[in-house]
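Structural characterization, general
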Amino acid sequence: QREAAADLRRSLAVLEQEGALEGLVLDVRGNAGGLLEEAIAMVDLFVEEGPIVRIEGRDDAEREAFSATAGGTRAGLKLVVLIDGGSASASEILAGALQARGRATLVGSPSYGKGSVQRVYEFEDGAALKLTVARYVLPSDTQIEDGEGLQPDVMVRRAPAADSPLGRLNAEVDHLPPEDRARITPLLADLDTNEDERAAVTWMGPLATREAVDPQLRQAMAEANP
């Protein structure tokens, strides 16, 4: 949204006043995207120079490149970005540019895959045509492929919902003796679950409470600790 980059700058300043800030987790799970300029400005906070993203289309008017500026950059801050299947468009540009520049570790599950620039043409009869006019290209010269999305550096599935079959199985495993639990738990982690059966992401509440039920956040915090 508008002012997202300014909000991030203010939040960083508050955190730095509280003490030395060495690692940061940016959570864009479930973020369907929004303003391109805000995503670019957020990347610019962590990259000193070089490309962030470019737009390529058939028409010269649809071609544009965006690069980082040195002012206000936190170049030494260890950075982790959390993504999932709900991360799309501008949030994928944020995550993908930081990953392509080697500036951040992506943790979570593959993003949605929305790398196209679209324009809506409205007609007098009330109909409309949505036309793809260009595509976003990351600093690695790769596109965000529609329907494929970004691949995390560290793959971590969201925890299953408590009332899903896998969630109920996990609850049963919790009652097993420690040696059996240690043997079976890694096997459960390899079982895929339907997206609808995964627990909702919670952004509020004490960090320790959230980490206990959110394996993606737990892993991101571990990666962010230098």
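In what follows, the structure referred to is the one given above.
Our subject in this report is the structure included herewith.

Quick notes on the rules
Residues numbered from 1 in each chain as written. Predicted model: local features only at pLDDT ≥ 70, side-chain atom pairs only at ≥ 80, totals over all residues. Heavy atoms only, no water. Buried < 20%, exposed > 50% of the residue type's maximum accessible area, 1.4 Å probe, protein only. Helix = DSSP H or I, 4+ residues; strand = E, 2+ residues; numbered from the N terminus. Pairing = 2+ DSSP bridges. Contact = heavy atoms within 4.5 Å. Axes fitted to C-alpha atoms, helices over the stretch in contact; angles between N-to-C directions.

**Quick word on the pairing of strand β4 (residues 78-83)**
- Taking burial as the measure, the 6 residues of β4 include 5 buried ones, the bulk of the element.
- Where strand β1 (residues 23-27) meets β4, 5 bridges bridge the pair, whose relative direction is parallel. Looking at the pairing, aspartate 27 lines up with leucine 82 of β4.
- Pairing analysis gives 4 bridges linking β4 to strand β5 (residues 105-108), with the strands arranged parallel. Paired with isoleucine 83 across the bridge in β5 is glycine 108.

**Observations regarding the environment of glycine 96**
- The residue glycine 96 is located in helix α3 (residues 90-100) in this model.
- Since its relative accessible area comes to 0%, glycine 96 is described here as buried.
- Among all residues touching glycine 96, those that are not within four sequence positions of it are Leu138 and Leu150.

**Section: the sheet that holds strand β3 (residues 64-67)**
- Taken in spatial order, the 4 strands line up as β3-β2-β7-β6 in an open sheet, and their pairing is antiparallel. Each edge of the open sheet is held by one strand with a lone partner, namely β3 and β6 (116-122). Going across the sheet, the axis of each strand differs from the next one's by a mean of 25 degrees, ignoring polarity.
- Most of the contacts of helix α2 (residues 36-44) go to strand β2 (residues 51-57), to which it runs at about 150 degrees, and overall it touches β2, β3 and β7 (128-137).

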